[in-house]
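# Structural features, examined
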Amino acid sequence: MVKTPIYMDNHATTPVDPRVLEAMLPYFTDVFGNAASRNHVFGHEAEAAVEEMRGTIGAAIGADPKNVIFTSGATESDNMAIKGVAEFYKERGNHIITQVTEHKAVLDTCKELERRGYEVTYLPVDRHGLIDLDDLRKAIKPETILISVMMANNEIGTIQPVKEIGALAKEKGVLFHSDATQAVGKLPVHVDELGIDLLSMSAHKIYGPKGVGALYVRGRNPRVRLAPLFHGGGHERGMRSGTLNVTGIVGFGKALQIAVDEMESESARVKKLRDKLETTLRDRLDEVFVNGHPTLRLAGNLNMSFAYVEGESLLMGLREIALSSGSACTSATLEPSYVLKAIGVSDDLAHTSLRFGLGRFNTEEEVDYAADRVVEEVNRLREMSPLYEMAKSGVDLKTMAWKRD
Amino acid sequence: MAYSEKVLDHYKNPRNVGSFDPNDENVGTGLVGAPECGDVMKLQLKINDDGIIEDAKFKTFGCGSAIASSSYATELVKGKTIDEAFAIQNKKIVEELSLPPVKIHCSVLAEGAIKAAVEDWKRRKEAKARENSVPGKQ
Ligand SMILES: Cc1ncc(COP(=O)(O)O)c(C=O)c1O
Ligand code: FES
């Protein structure tokens, strides 16, 4: 018997790897100094740990370590990159390009900049969630100062053509920010090869602790300047004031090191599990649809619509499996997922979607168990679904006159 | 979302799931909601000539609270007259199932489904009566 509850929501967050925890522990109690304390050994030790981790993280993304700025996570990194560039380069231009399936940390930051008088272009995506490079090329104008496109999407796992975007940005002399929160540690990331000027990361998506992340800010070719979000003690070369979260940084560095070292074997294993889950569900259920890209997709991601079964009710039947849904009923806004909407999933199907996020600690037994339970619940709820009954009896649900309230 | 015990119970053991033949002259069918909104309820009532609801069945596409609301609605209406059923308000469902504010619309939908089913039955009875009163028709 598998142990429940089973965690399959690794896009939302991940547990801290025991190896990471072990690396962190001494920094709570023994090496607790303030990394900015220059005049005693407690401070020196803390600083040494931070610099070692900066080195690890820099190496993991092919960057000069001194260009890695520690933050409280990807939300802050995204805000810092976008607002920081917008503010610093406002004399040069006021136009920013992003795309519709970005995380809210990017989208809402862009909305805020619009309120401050900037102009933002939100590129559309195709049915797989990819932006069109021609659209991007056409959107760039003399006033454009920044392109912000994520590396991999957190709902559907789609991997954007970052390298091509980087090349285009360079050709046009526009800065390129990429939110790589879901990608670092899972895909090879090299900021120079990919032409990335600013890169957001977060530790808790890669088996590190919550509340710590980083922003890479290119130092040469070109040197990127940012107006800081936080003012204070001038930490992180004045770009991000605030006493460094040494314990968190140690955990982040260790987590990224492990993720990079084990990337190849782990992604192969996770992909195998994901593919098994996908194939099993497709084989055993009719009218299920995968949302996202067939191949350019994160190894652990499976976003699937189960026609005629509302997502929240499905989650309720699968309470011993931690998943998330694109259904409106699970969201605070009562709107179905904007990402699914953006890739053209109709509202009725968006309501029926579940996101499986497989990760390091999932086992084949868990996947088999989850597949069995999903099949069981979908069948049970379809028996209860008037839509399934109508569709099976040949009623065209799209042309029905529905009584909306 | 934390569900009340009663919502969980109705969700796990829904009462009266199923369908009646919608063409049966004693059956009234209410279909409310829309797939794009994430909730569709079908409630059917079997009503005798005295206007008493003898049986009820439902099928629902919607969240757990919507399923529970319609399941409870079928229990609620059984044995009632059509007027009593028509007068049922969603508040009754909210209270029974302890629905939180964000789930009130699920109960509103169930109230609407009951009313729609009663109206459907009445409409069909009246149509039938008119048909029978057409001169020359047996
Ligand atoms: C793509 C993406 N960007 C940003 C974030 C926010 O990261 P954090 O929780 O570190 O602020 C997340 C996580 O929810 C994410 O998936
Ligand atoms: S059906 Fe959407 S909240 Fe109940």
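Residues numbered from 1 in each chain as written. Chains lettered and ligands numbered in written order. Predicted model: local features only at pLDDT ≥ 70, side-chain atom pairs only at ≥ 80, totals over all residues. Heavy atoms only, no water.

Residues and elements named next belong to chain A. Topologically, Thr109 is positioned in helix 5 (residues 104-115). Its relative accessible area of 3% is what places Thr109 among the buried residues. For Thr109, the contacting residues outside a window of four places in its chain are Asn79, Ile82, Lys83 and Lys104. (Helix = DSSP H or I, 4+ residues; strand = E, 2+ residues; numbered from the N terminus. Buried < 20%, exposed > 50% of the residue type's maximum accessible area, 1.4 Å probe, protein only. Contact = heavy atoms within 4.5 Å.)

Attention shifts here to the interface of chain A and chain B. Between chain A and chain B, the residue contacts involve 30 residues of the former and 31 residues of the latter. Buried area between chain A and chain B, summed over both chains or domains, comes out near 2,600 Å², and the portion from carbon and sulfur atoms is 61%. For the interface between chain A and chain B, the tally reads three salt bridges. Here Lys59 of chain B ties to Glu389 of chain A by a salt bridge, and the two come within 3.4 Å at their closest N and O atoms. Across the chain A-chain B interface, the total number found is 16 residue pairs in polar contact (both at pLDDT 80 or more). Looking at the side of chain A that touches chain B, the elements with two or more residues in it are helix 11 (311-317), helix 13 (347-350), helix 14 (364-383) and helix 15 (386-392) of chain A. (Buried area = accessible area lost by both parts, 1.4 Å probe. Salt bridge = Lys/Arg side-chain N within 4 Å of Asp/Glu carboxyl O. Polar contact = N/O pair within 3.5 Å; in protein donor to acceptor, adjacent residues only side chain to side chain.)

Residue and element names in this part refer to chain A. A complete count under the given rule lists five aromatic pairs over all chains for this structure. Note on Phe70 and Phe252: the rings are 6.5 Å apart at their centroids and 75° apart in plane angle, and the pair reads as edge-to-face. On the criterion of sequence distance, the pair formed by Phe70 in strand 2 (residues 68-71) and Phe252 in helix 9 (residues 246-261) is long-range, its members being 182 residues apart. Residue classification places Phe70 among the buried residues on the basis of a relative accessible area of 2%. A residue is classified by how much of its surface remains accessible, and Phe252, at 0% relative accessible area, is buried. With a centroid separation of 5.7 Å and an interplanar angle of 55°, the aromatic rings of Tyr308 and Tyr388 are classed as tilted. In this pair, Tyr308 is assigned in the loop between strand 10 (301-306) and helix 11 and Tyr388 in helix 15, connecting sequence segments 80 residues apart. Under the relative-accessibility criterion, Tyr388 is labelled buried at 17%. Above the plane of the ring of Tyr338 lies Lys104, whose end atom (NZ or CZ) is 4.3 Å from the centre. (Phe/Tyr/Trp six-rings, centres within 6.5 Å; stacked < 30°, edge-to-face > 60°. Lys NZ or Arg CZ within 6 Å of the ring centre and 35° of its normal.)

What follows is about unusual backbone geometry. Residue and element names in this part refer to chain A. Omega for the peptide link from Thr4 to Pro5 comes to -5°, which places this bond in the cis form. By the element assignment, Pro5 lies in the segment before strand 1 (6-7). Residue Pro222 follows Asn221 across a cis peptide bond; omega there is -5°. In this structure, Pro222 sits in the loop between strand 8 (213-217) and helix 9. Although it is not a glycine, Glu236 adopts a positive phi angle of roughly 50°. Its location among the elements puts Glu236 in the loop between strand 8 and helix 9. Take Glu236: its relative accessible area is 8%, and that puts it in the buried class. Although it is not a glycine, Arg237 adopts a positive phi angle of roughly 55°.

Moving on, we come to the site of ligand 1. Residues and elements named next belong to chain A. Taken together, 13 residues lie near ligand 1, and Thr75, Asp179, Gln182, Ser202 and Lys205 sit nearest. Interatomic distance of 2.8 Å between a side-chain N/O atom of Gln182 and an oxygen atom of ligand 1. Interatomic distance of 2.5 Å between a side-chain N/O atom of Ser202 and an oxygen atom of ligand 1. Ranked by the residues each element gives to the shell around ligand 1, the list is headed by helix 4 (residues 74-88), at three residues. Its residues placed into classes, the shell around ligand 1 shows two nonpolar, eight polar and three charged. (Near = heavy atom within 4 Å. Nonpolar A, V, L, I, M, F, W, Y, C, P; charged D, E, K, R; others polar.)

We now examine the packing of helix 3 (residues 41-60) of chain A against helix 9 of chain A. For any two helices packed against each other, the geometry is given by the interaxial angle and the distance between the axes. Residue and element names in this part refer to chain A. It is at 9 Å that the axes of helix 3 and helix 9 come closest, and there the two elements cross at 30°. By the criterion of interaxial angle, the relationship of helix 3 to helix 9 is roughly parallel. For the crossing formed where helix 3 meets helix 9, the hand is left-handed. Together, Ala46, Ala49, Val50, Met53, Thr56, Ile57 and Ala60 of helix 3 and Val246, Ile249, Val250, Phe252, Gly253, Lys254, Leu256, Gln257 and Val260 of helix 9 make up the contact between the two elements. A breakdown of the residues in the contact of helix 3 with helix 9 according to their chemical character gives 12 nonpolar, three polar and one charged. (Axes fitted to C-alpha atoms, helices over the stretch in contact; angles between N-to-C directions. Parallel < 35°, antiparallel > 145°, perpendicular 65-115°, else oblique. Left-handed = near helix turned anticlockwise from the far one by under 90°.)

Counting through the fold element by element, Glu320 of chain A comes out in the loop between helix 11 and strand 11 (321-322). Of the polar contacts made by the side chain of Glu320 of chain A, one reaches the side chain of Arg373 of chain A; its length is 2.7 Å.

Residue and element names in this part refer to chain A. If you walk across this open sheet you meet the seven strands as 2-8-7-6-5-3-4, and the pairing is mixed. Sheet topology places strand 2 and strand 4 (119-123) at the edges, where each strand pairs with a single neighbour. Strand after strand, the sheet turns through a mean of 20° between neighbouring axes, direction not considered. Alignment of strand 5 (residues 144-148) against strand 6 (residues 175-179), held across three bridges, turns out to be parallel. Paired with Ser148 across the two strands is His177, which belongs to strand 6. Against the sheet, helix 3 contacts strand 2 and strand 7 (198-202), and its axis sits at roughly 115° relative to strand 2. (Pairing = 2+ DSSP bridges.)

A few words on the pairing of strand 6 of chain A. Residue and element names in this part refer to chain A. Of all five residues making up strand 6, five are buried, and the element is well covered by its neighbours. Of the crossover connections in this fold, the one passing from strand 5 over helix 7 (residues 162-172) to the parallel strand 6 is right-handed. Here strand 6 runs beside strand 7; their pairing, made up of three bridges, is parallel. Of the residues in strand 7, the one forming a bridge with His177 is Leu198. (Right-handed = clockwise from strand over helix to strand, strands pointing away.)

Residues and elements named next belong to chain B. For chain B, per-residue confidence averages 93 on the pLDDT scale, and residues scoring 70 or more make up 96% of the total. When the elements of chain B are averaged for pLDDT, helix 5 (residues 104-133) gives the smallest value, 93, and strand 3 (residues 53-61) the largest, 98. Predicted complex, confidence summary: ipTM 0.92, pTM 0.93. (pLDDT = per-residue confidence, 0-100.)

This part takes up the sheet that holds strand 9 (residues 288-291) of chain A. Residues and elements named next belong to chain A. Strand order across the open sheet formed by four strands is 9-10-13-12, with antiparallel pairing between neighbours. Of all strands in the sheet, those bounded by a partner on one side alone are strand 9 and strand 12 (324-325). Here strand 9 runs beside strand 10; their pairing, made up of four bridges, is antiparallel. When the bridges of strand 10 are listed, Asn291 appears paired with Asn303.

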